[in-house]
Amino acid sequence: MRTPHQTVSRPSAAHRSSRGNFVDTVNTPGTPPLPVSFGEAFRYWLKLGFISFGGPAGQIAMMHQELVERRRWISERRFLHALNYCMLLPGPEATQLAVYIGWMMHRTPGGIIAGVLFVLPSLFLLILLTWIYLAFGNLPVVAGILYGIKPAVTAIVVFAAYRIGSRALKNGVLWAMAAAAFVAIFAFDVPFPAIVLAAALIGYLGGQLAPEKFKAGGGHGAADKHFGPALIDDDTPPPSWVRFSWGRLIGYSAIGLALWAGAMALLMAQGGWTGVLTQMGWFFTKAALLTFGGAYAVLPYVYQGGVETYGWLTGPQMIDGLALGETTPGPLIMVVAFVGFVGGWTKQVFGPEALALAGIAGGCVAAFFTFLPSFLFILIGGPLVEATHGEIRFTAPLTGITAAVVGVVINLAVFFAWHVLWPQGTQGSPFAGPFEWFSALIGLAAAIALFRYKVGIMPVIGACAAVGLGYTLLA
């Protein structure tokens, strides 16, 4: 029996065009797809890094359509099992899913390449946009564009909550868990890790007492569809690198700790423990380890630390950063690079004559310490997870967590709407200043376009940016 994870250097001659070039063919339903070479996978992950707009929900949907439905590199059930594990982890679930699938197909190098190519384009683009924002942000053109994008971002977050919820909340129990999570974080400021732990516990108990309520196993639908034989199918025997090994676990843990400690040592040599970059490294390490539920759940934590604790940027700048993050491909949590860039620039890490260099350093530090744990979580925990697919005792807690995440994302939407519609509001006086009625109209139009007419995220952002620019120039 051919091992589906084996690779070949090139497809057969039947897959050449008349000019002798290799073509990207759609697999014929009912027939197993050809093995995938490392080079072909490299090209796909590179392409995904430049076109993965739409936030985590859109990126996961894009990977599902391409890898499950079209190319059939992985089956629906195995894709959802990997996704459920990534939903459980702190950090960006779309990035972790790419690492997971790359690792399953081409060992550790495949996972590293998939993750790196998924995040690098967005890091470069966001650093460039942040420099433009800080250097020329006071120009009416830039301010007008951001004025239109901000309410669009709020509508996009609401739409993301809807997309996750429509797949995750399959019964009244899960709806109740989502509502309870929203009330807990909105009204009582319950820490998000506590909400996740409570949801996981409820999911675990529910899986034992009422398994039919938690059998979906995550927020992206039950694995009830079949698109034909896949390279990594439901019953594919696990290759050697997918099996658990204590030596591999210890080795990867040691390498990850060495990379983290080495980077922190360099930062401390530059500015000491209280230096801006060192504190960024420590803060974003905590953000990567303590914030569960993906990008939308991480943002409130990053806002609290970056704005209120360290003063690296202001509240309105944080929303501007999310607006820029929505306009670039890659993981939405790459907004941490914006926070790091603005913090390095604002604090003049390398002096007033090297603001751009300080910003680049801050952005790279934020990205490195945010994404390093994501790779380690997959390379260390993946073998354990692969031994559990299909087991309700593992999937039920994930179903509970995903339901809770829906409530947290809705809370984030309320948070953004407040800052957009009452930009002068504060915690003590939340509705101070005039109501931004035109921003409300832009947000409403964006929501109608997304919900009613199924317009893509990028056209919505582009149209709202144009409207905001026209309004500010004419006002």
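Residues numbered from 1 in each chain as written. Predicted model: local features only at pLDDT ≥ 70, side-chain atom pairs only at ≥ 80, totals over all residues. Heavy atoms only, no water.

Q: Mind showing me how you'd approach the confidence of the model for the protein here?
A: Low pLDDT means the predicted atomic positions in that stretch should not be read closely. Looking at the protein, pLDDT values average 83 and 88% of them are 70 or higher. Below pLDDT 50 for its whole length, residues 1-25 participates in 40 contacts with residues either more than four positions away or in separate chains. Ignoring residues within four places in sequence, the model shows residues 217-223, a span with pLDDT below 50, making 28 contacts including any to other chains. (pLDDT = per-residue confidence, 0-100. Contact = heavy atoms within 4.5 Å.)

Q: Explain unusual backbone geometry to me, please; I cannot follow it from the model alone.
A: Only a minority of non-glycine residues have a phi that is not negative, and only a minority of peptide bonds are not trans. Positive phi values are uncommon outside glycine, yet arginine 72 reaches one of about 55°. Summarising the element assignment, arginine 72 is placed in the loop between helix H2 (55-70) and helix H3 (76-88). On the accessibility criterion, arginine 72 (1% relative accessible area) is buried. Backbone geometry places arginine 107, a non-glycine residue, at a positive phi of 60°. Within the element layout of this structure, arginine 107 appears in helix H4 (residues 93-136). (Helix = DSSP H or I, 4+ residues; strand = E, 2+ residues; numbered from the N terminus. Buried < 20%, exposed > 50% of the residue type's maximum accessible area, 1.4 Å probe, protein only.)

Q: In this structure, what is going on with the packing of helix H8 (residues 246-271) against helix H9 (residues 276-290)? I would like to understand it.
A: Packed helix pairs are specified by the crossing angle of their axes together with the interaxial distance, meaning the distance between the axes. At a closest axis distance of 8 Å, the pairing of H8 and H9 adopts a crossing angle of 150°. The angle between H8 and H9 falls in the class roughly antiparallel. For the pair H8 and H9, the contacting residues are Trp260, Met264, Leu267, Met268 and Gln270 in the first and Leu277, Thr278, Gly281, Trp282 and Thr285 in the second. Class assignment of the residues belonging to the contact of H8 with H9 gives a composition of six nonpolar, four polar and no charged. (Axes fitted to C-alpha atoms, helices over the stretch in contact; angles between N-to-C directions. Parallel < 35°, antiparallel > 145°, perpendicular 65-115°, else oblique. Nonpolar A, V, L, I, M, F, W, Y, C, P; charged D, E, K, R; others polar.)

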